[in-house]
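# Commentary on secondary and tertiary structure
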Amino acid sequence: MPVLHIEHEISELAVWLDAFRKFAPARQAAGVTRTEVYQPDEDPNYVVVNLSFENIDAASKFRESLINQIWSSPDSAPALVGPPKARVLTEVEL
């Protein structure tokens, strides 16, 4: 199952969470099957997000929409500090 792995600095967790929650319908429409959000213990101004998808194409398309439509707008992404890192990952079978 492909995962869109996102990491970025934020200015404030509460502001970021509010914006993130507002985009739940967009994530659902894009085919996100699971959402995980993490924060490093030592850095309250950083988040890591894993969004699972059924296929690579859906994950890649959503990544592009984040880059071109969401993250490019300060109104849509008010807590972002700098550009996020986003990669589509596939699990390696062991």
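Every chain is numbered on its own, with residues counted from 1 as its sequence reads. Reporting in this predicted model follows two pLDDT cut-offs: at least 70 for local features of residues, and 80 or more for side-chain atom pairs to be given and counted; totals over whole chains, interfaces and linings ignore these cut-offs and use all residues. For the side-chain quantities, the full set of heavy atoms in the structure was used; hydrogens and water were omitted.

Turning to the side chain of Arg27, a few remarks are in order. Secondary structure is summarised from DSSP: a helix means a run of H or I of at least four residues, a strand means a run of E of at least two, and numbering begins at the N terminus for each. With respect to the element layout, Arg27 can be found in helix H2 (residues 24–30). Each residue gets one of three labels from its accessible area relative to the maximum for its type: buried under 20%, exposed over 50%, partly exposed in between, using a 1.4 Å probe on protein chains only. Just so you know, the count uses Lys and Arg for positive and Asp and Glu for negative, and it drops His and the chain ends. The rule for a salt bridge is simple: a side-chain nitrogen of Lys or Arg has to be within 4 Å of a carboxyl oxygen of Asp or Glu. For the buried residue Arg27, which engages in no salt bridge, the nearest side chain bearing the opposite charge is Asp18, 11 Å off. Contacts: residue pairs with any heavy atoms within 4.5 Å of one another. Setting aside its immediate chain neighbours within four residues, Arg27 contacts Phe20, Arg21, Val32, Thr35, Leu51 and Phe62.

For the rest of this paragraph, the subject is the pattern of salt bridges. In the structure shown here, the tally under the stated rule is four salt bridges. Measuring nitrogen to oxygen at the nearest pair gives 3.0 Å for the salt bridge that ties Glu36 to Arg34. With a shortest N-O distance of 2.8 Å, Arg63 and Glu64 are connected by a salt bridge. On the accessibility criterion, Arg63 (25% relative accessible area) is partly exposed. Residue Glu64 is classed as partly exposed on the basis of its relative accessible area of 37%.

None of this, on its own, says anything about what the molecule does.
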